[in-house]
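Commentary on secondary and tertiary structure
Listed here are the chains, written in short residue letters.
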Amino acid sequence: MYLVVLLFASALFVSTFALDNGLMQTPPMGWLAWERFRCDIDCEHDPKNCISENLFTDMADRLYEDGWMDLGYVYVNIDDCWSSMQRDGKGRLQPDPKRFPGGIRRLARYMHDRGLKLGIYGDMGTHTCGGYPGSPLDKIEIDAQTFADWEVDMLKFDGCYSNTTEQEQGYPLMSKALNATGRPIGYSCSWPAYQGGLPPKVNYTQLGLICNLWRNYGDIQDSWDSVLTIVDWFFENQDALAPAAGPGRWNDPDMLIVGDFGLSMDQSRSQMALWAIMAAPLFMSNDLRTISSGARGILQNKMAISINQDPMGIQGRRIVKEKSGIDVFLRPLSNNASALVFFSRRNDMPYRYQTSLRKLNYPTGSYNIIDVFTEKTMTLKDSTDFVVSVNPTGVVMWYVSAPAKMGLHYFFRGGHHHGSSYDKDDENSLPQLFL
Ligand code: GLA
């Protein structure tokens, strides 16, 4: 009897408070202004880079024309510093009239006309982190309705200038308010980042019910040091974090800074690879008008994107941490496939790391491998030792397809060779891959 009541109560809880928008069954992808353009509001002296409608239409044009949108990068997201310092006569938020003369609704239409989506930023305290008007408890409903009226597609809801009790009420309340508008609006909660990111303070079960994604940790900056700090925090806490992720609910380690100033090409590949392993939202914060072809190639890598977007939505984990400074990460993918990342924390030279799929706990079998960044292919038996050469602060990333039956493998070996294949008994032929 108690059980029945309990079940009923929890069903009621879910139906009353769950964010029921069906969105973001795979991690959302797009562009977000903050890391690259911050709170630059000086349109007089810096018209090309200031937070204004022109910045967002410029980025929309690039996403639309330069192949990004077709790869899934569809969100164009406004961050802080978009609004006027005052609410309008009816108590609604309004954009800065000089910088957004056409208003947010027109900007949303601009996106929708091109198949893109518009995201906006709010804060559940008295002020945003940048000091603009916030959406405290008594403003949440009217602000959710305003965003829906503007036809906005996503909300990042920050937590500056609010306390723990207000957050406990405000984040679920905004979820409910967004639901009540009837417009599907992706909901990004910064809540856990303000609670230290870890249970028992953070309730990831609840977050999964009320938000589509959430920032767990501090802000990314334009440096390798920042990326590494974030990566280490997420994988050190993977047991608490990974189970929280799944279709419609994602951990967010923050924006991609590939294409900015702080990362080498190797470090850029590392960020892309590890964000794919983490099933992280892929929000680039860079200048798509001037991005280098190298950075573009990394962000537009189809295999890395498809690994990130795998429909099972299982967040990957670090499975090996070697004293040598090599870490190995694995993400299970649909169709019995998986992604592997070999990452080097070293600062000396490319490191020749030797292992085998068996040592990485793969079951017996023969596997087809595709190197995500070189597109080289090969076949490897679980028992075969191989060597990967991993650049300092760089990665080697593999897509590993389901094991073929051994008999089939031998059959094919007799016929054509797809890439290279190695035999365990071939003592002298230790494969040296991707040198
Ligand atoms: C916080 C967030 C950032 C950004 C800024 C804006 O620091 O974590 O992502 O939104 O506020 O002021």
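For clarity, every value in this text was computed on a predicted model and none was experimentally measured.

Remarks on the overall build of the protein chain
Summing up its helical and strand segments, the protein chain has 14 helices and 18 strands in all. In the protein chain, which comprises 435 residues, the share counted as buried stands at 55%. In the protein chain, the proportion of contacts linking residues at least 24 apart, taken out of those at least 6 apart, comes to 73%. Working note: accessible area of the protein chain is about 18,500 Å², and carbon and sulfur atoms make up 53% of it.

Thoughts on empty space enclosed by the protein
Inspection of the entire model under this criterion finds two cavities of 30 Å³ or more. The volume enclosed by the largest cavity comes to roughly 120 Å³. Lining the largest cavity are 15 residues, and of these Leu32, Met154, Lys156, Asp252 and Phe283 lie nearest its centre. Listing elements by their share of the lining of the largest cavity, those giving two or more residues are β3 (117-123), β4 (154-158) and β6 (213-215). Ranked by the residues each element gives to the lining of the largest cavity, the list is headed by β4, at three residues. Taken together, the residues that form the lining of the largest cavity break down as eight nonpolar, three polar and four charged. Within this model, the second largest cavity holds a volume of roughly 60 Å³.

Comments concerning the site of the ligand
Around the ligand, the surrounding shell consists of Trp34, Asp79, Asp80, Tyr121, Cys129, Gly130, Lys156, Asp158, Arg215 and Asp219. At a separation of 2.6 Å, an oxygen atom of the ligand approaches a polar side-chain atom of Asp79. Lys156 has a polar side-chain atom sitting 2.8 Å from an oxygen atom of the ligand. Its free accessible area being 310 Å², the ligand has 89% of it covered by the protein chains.

Some remarks on the sheet that holds strand β8 (residues 282-284)
On the basis of which strands lie adjacent, the open sheet formed by eight strands has the order β7-β6-β5-β4-β3-β2-β1-β8 and parallel pairing. The open sheet has two free edges, formed respectively by β7 (250-252) and β8, since each of these has just one partner strand. Taking each pair of neighbouring strands and ignoring which way they run, the sheet shows an average axis angle of 25 degrees. Where strand β1 (residues 29-32) meets strand β2 (residues 75-77), three bridges bridge the pair, whose relative direction is parallel. Paired with Leu32 across the bridge in β2 is Asn77. Each of β2 and β3 touches helix α4 (residues 103-113); the most contacted strand, β3, lies at about 145 degrees to it.

Looking at the state of the cysteines
A full pass over the atoms with the stated rule returns four disulfides. A sulfur-sulfur separation of 2.1 Å characterises the disulfide bridge that pairs Cys189 with Cys211. Here the disulfide of Cys189 and Cys211 is left-handed, its torsion about the S-S bond being about -95 degrees. Taken together, the residues Cys189 in strand β5 (residues 186-189) and Cys211 in the loop between α8 (204-210) and β6 connect sequence positions 22 residues apart. When sorted by exposure, Cys189 lands in the same class as Cys211, which is buried. Bonded cysteines in the protein chain are paired 1-4, 2-3, 5-6, 7-8 when counted in the order they occur along the chain.

Rules used throughout
Sequence order as written defines residue numbering, which begins from 1 separately in each chain. Restriction of local features to residues with pLDDT of at least 70 applies here, the model being predicted, together with a cutoff of 80 or more for giving and counting side-chain atom pairs; totals for whole chains, interfaces and linings are based on all residues. Heavy atoms from the whole structure form the basis of all side-chain values; hydrogens and water molecules are not counted. Helix and strand definitions follow DSSP, with helices as H or I runs of at least four residues and strands as E runs of at least two, each counted in order from the N terminus. A 1.4 Å probe rolled over the protein chains alone gives each residue an accessible area, and that area as a share of the maximum for its type sets the label: buried under 20%, exposed over 50%, partly exposed in between. Note on contacts: a residue pair is in contact if any heavy atoms of the two residues lie within 4.5 Å. Where accessible areas are quoted, they stem from the Shrake-Rupley method and a 1.4 Å probe; at the residue level, only the protein chains shown are allowed to cover. Throughout, the protein atoms alone are placed on a 1 Å grid, and a set of points is a cavity if a 1.4 Å probe fits but cannot get out or a pocket if it is open with protein on both sides within 12 Å along at least five of seven lines; lining residues have an atom within 4 Å of a point. Grid points are joined across faces, edges and corners, and a volume is the space filled by probe spheres set on the points. Any residue outside Ala, Val, Leu, Ile, Met, Phe, Trp, Tyr, Cys, Pro, Asp, Glu, Lys and Arg is labelled polar, Gly included; the first ten of those are nonpolar and the last four are charged. Residues are counted as near a molecule or strand when any one of their heavy atoms sits within 4 Å of it. Two N or O atoms count as a polar contact when they lie within 3.5 Å, although within protein this holds only if one can serve as hydrogen donor and the other as acceptor, and sequence-adjacent residues are included solely when both atoms are side-chain atoms. For two strands to count as paired, DSSP must find a minimum of two bridges between them. The angle between two axes is taken between their N-to-C directions and runs from 0 to 180 degrees, where each axis is a line fitted to C-alpha atoms and a helix contributes only its stretch in contact. Note on terminology: pairs of cysteine sulfur atoms within 2.5 Å are recorded as disulfides.

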